Amino acid sequence: MGPSQANVEAIEARALFAPEDQSNAALQPLSERLQWDISERIGASRQAMGVSAARRLRRRLQLRRLRRILGLPQFDIDRAVSIYISRRQQAWDPTETLVDDARALVSRSDGCGTEDSTGENGDSRAQQETLPSTASASTTTPADEHKIQVTAYAHSFASRLLGRAVLRDNLTAAGPQVSPFHGRLLRPFIWRDTRSMPASSSELPMLQVLRSIRAREHRVFQHLGYPAVEQPQQETIDYVHFQRGHLPQVNALLCQTFWPSIDMSEALQYPEFSIIALYKRRVVGCAFLTPDAYLTYVAVAAGWEAGGIAKYMVYYLTQTVPTKDVTLHVAATNVAMLLYQRLGFKPETYAPGFYKAYLPESSRVCPNAFFMRLRRY
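None of the values given here were measured: they were computed from a predicted structure.

Conventions adopted
Residues numbered from 1 in each chain as written. Predicted model: local features only at pLDDT ≥ 70, side-chain atom pairs only at ≥ 80, totals over all residues. Heavy atoms only, no water. Helix = DSSP H or I, 4+ residues; strand = E, 2+ residues; numbered from the N terminus. Buried < 20%, exposed > 50% of the residue type's maximum accessible area, 1.4 Å probe, protein only. Contact = heavy atoms within 4.5 Å. Areas by Shrake-Rupley, 256 points an atom, 1.4 Å probe, with all protein chains shown as cover. Expected span 1.5 Å × (residues − 1). 1 Å grid on protein atoms, 1.4 Å probe; cavity = no way out; pocket = protein on both sides within 12 Å on 5 of 7 lines; lining within 4 Å. Points joined across faces, edges and corners; volume = space filled by probe spheres on them. Nonpolar A, V, L, I, M, F, W, Y, C, P; charged D, E, K, R; others polar. Salt bridge = Lys/Arg side-chain N within 4 Å of Asp/Glu carboxyl O. Arc of directions from axis to C-beta. Pairing = 2+ DSSP bridges. Right-handed = clockwise from strand over helix to strand, strands pointing away. Axes fitted to C-alpha atoms, helices over the stretch in contact; angles between N-to-C directions. Parallel < 35°, antiparallel > 145°, perpendicular 65-115°, else oblique. Left-handed = near helix turned anticlockwise from the far one by under 90°.

Along the protein chain, the regular secondary structure elements total 15 helices and 12 strands. A buried classification covers 33% of the 377 residues belonging to the protein chain. Residue pairs at least 24 apart in sequence account for 65% of intrachain contacts in the protein chain once pairs closer than 6 positions are excluded. Here the protein chain has roughly 23700 Å² of accessible surface; of this, 55% comes from carbon and sulfur atoms.

Bringing helix H14 (residues 309-320) into the picture now. For H14, which comprises 12 residues, the first-to-last C-alpha distance of 17 Å matches the rise-based estimate of 16 Å (1.5 Å per residue) to within 8%. Taken together, the buried positions of H14 are Ile-309, Ala-310, Met-313, Val-314, Tyr-316, Leu-317 and Thr-318.

Let us now look at empty space enclosed by the protein. Using the criterion set out here, one finds 1 cavity of 30 Å³ or more in the structure. Considered as a void within the structure, the largest cavity measures approximately 30 Å³ in volume. Considering the residues around the largest cavity, the lining is formed by Gln-35, Trp-36, Ser-39, Leu-61, Gln-62, Arg-65 and Arg-68. Listed by contribution, the elements that provide at least two residues to the lining of the largest cavity are helix H2 (32-44) and helix H4 (52-70). Take the lining of the largest cavity: its biggest share by element is 4 residues, from H4. Split by residue class, the lining of the largest cavity holds 2 nonpolar, 3 polar and 2 charged.

Inspection of the entire model under this criterion finds 10 salt bridges. Between Arg-211 and Glu-235 there is a salt bridge, and its shortest N-O distance comes to 2.6 Å. Taken together, the positions of Arg-211 in helix H11 (residues 205-215) and Glu-235 in strand E6 (residues 234-240) put the pair 24 residues apart, joining distant regions of the chain. Grouping residues by exposure puts Arg-211 and Glu-235 together as buried. Between Arg-214 and Glu-235 there is a salt bridge, with the nearest N and O atoms lying 3.0 Å from each other. Residue Arg-214 is found in helix H11, and its partner Glu-235 is found in strand E6; the two are separated by 21 residues along the sequence.

For H2, which comprises 13 residues, the first-to-last C-alpha distance of 19 Å matches the rise-based estimate of 18 Å (1.5 Å per residue) to within 8%. By the burial criterion, the buried members of H2 are Gln-35, Ile-38, Ser-39, Arg-41 and Ile-42. An end-on view of H2 places all buried positions within 165 degrees of arc, on one side of the element.

With that out of the way, let us pick up the environment of Met-337. Summarising the element assignment, Met-337 is placed in helix H15 (residues 336-342). Taking C-alpha positions, Met-337 is 8.9 Å from Met-372, a pair spaced 35 residues apart along the chain. Beyond its immediate chain neighbours, meaning those up to four positions away, Met-337 contacts Val-330, Ala-331, Phe-370 and Met-372.

On to the pairing of strand E10 (residues 326-331). Most of E10 is tucked away, with 6 of its 6 residues classed as buried. Covered by surrounding structure in E10 are Val-326, Leu-328 and Val-330 together with Thr-327, His-329 and Ala-331, the residues of both alternating faces. Taken together, the 2 bridges between strand E9 (residues 294-300) and E10 define a ladder with parallel strand orientation. Across the sheet, the residue bridging to Leu-295 is Leu-328, located in E10. For the segment spanning E9, H14 and E10, crossover handedness is right-handed. Two elements, E10 and strand E12 (residues 369-374), share 6 bridges in a ladder whose sense is antiparallel. Paired with Thr-327 across the strands is Arg-373, a residue of E12.

Take the sheet that holds strand E8 (residues 282-289) next. Strand order across the open sheet formed by 8 strands is E5-E6-E7-E8-E9-E10-E12-E11, with mixed pairing between neighbours. One side of each edge strand has no neighbouring strand; the edge strands of this open sheet are strand E5 (191-196) and strand E11 (346-351). Mean inter-strand twist for the sheet, computed between neighbouring axes without regard to direction, equals 25 degrees. Summarising the sheet, E6 and strand E7 (residues 274-279) pair through 3 bridges and their orientation is antiparallel. Looking across to E7, one finds that Asp-238 is bridged to Leu-278. Sitting on the sheet, helix H13 (residues 247-257) is in contact with E7, E8 and E9, with an inclination near 75 degrees to E8. In this fold H14 packs onto E5, E6, E7, E8, E9, E10 and E12, with an angle of close to 160 degrees to the strand it touches most, E9.

The next point concerns the packing of H2 against H4. Contact pair H2 / H4: the axes reach a minimum separation of 9 Å and the direction vectors enclose 140 degrees. With respect to H4, the axis of H2 lies oblique. Note on packing geometry: the crossing formed by H2 with H4 is left-handed. On the side of H2, the interface is formed by Glu-32, Gln-35, Trp-36, Ile-38, Ser-39, Glu-40, Ile-42 and Gly-43, while H4 contributes Ala-54, Leu-57, Arg-58, Leu-61, Gln-62, Arg-64, Arg-65 and Arg-68. Grouping the constituent residues of the contact of H2 with H4 by class yields 6 nonpolar, 4 polar and 6 charged.

Have a look at this one:
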């Protein structure tokens, strides 16, 4: 006798719906956390893995999670049905194409997708389409044909690359994010370091340069007649978890600091083991730790070294794995070894030519490294 449908329900004592509510309960979309929880419970149950329907459900949930990690669009059947119902009573337009319907049915999982209907501010995808239609042909004027259409940032291609901002001048998520690795809720901010201004120019010289540019202190602005702009007395450096909107700047910073062709896309699968330092919408520092407690990269942008950014990032990552020994490799001539020693790391072995496989042949960076360990017990 083969496995029955009851085996699938046996993976959990608590049913998804109460027996008395199965007939009249309204189906609700599963949250990301619940999808991850169901996938893990199916994988941990021998009875469920013996049922083809349960294995197929688990593969679909894993595929949806992978598409969310990669930032790919996902099909929303509720949205497709609502669009069909709203259009069922309308007259058929022969100029509409199947491509338009397909684009309208696809919505992004992070809320950055396009809207099918025109919003209040008139920035919807429908207004940006250049395909002719019988409804709009009668009202189109020659002046409107050459008018430049401006796409709102929330619906633009740049927002898909850089992400959506919780504030006007910040590059982080609007709310808590679910980690694909552990399923934990990650807050938008780890810490907001507030600094009083004006600070010493030797502490954060790049911050002083950016403030002077925004304040229009250069004599060129005075010559052009631009008035000076008063700057706030406090500035903040935000520490957040690694997100897809940080990826281009993080890759560029690591390639400038270490060697070319560094891609941190894999770190998006375990963002709780990473930390990014932001000044407004600019990445000024980053540090990454593997789930096995190996510190892979620690980098701070030029002009931001003396602000204690690297010290806090390394300290935070060591606290994410309080029961494991944290290990790393550092170049023999890198002054960051002094920072690691102050945080408790001790050199154990010497690895000649450790970085030789990563550095270009013309590089003058020392290829030798020290293996260091932060022991917990």
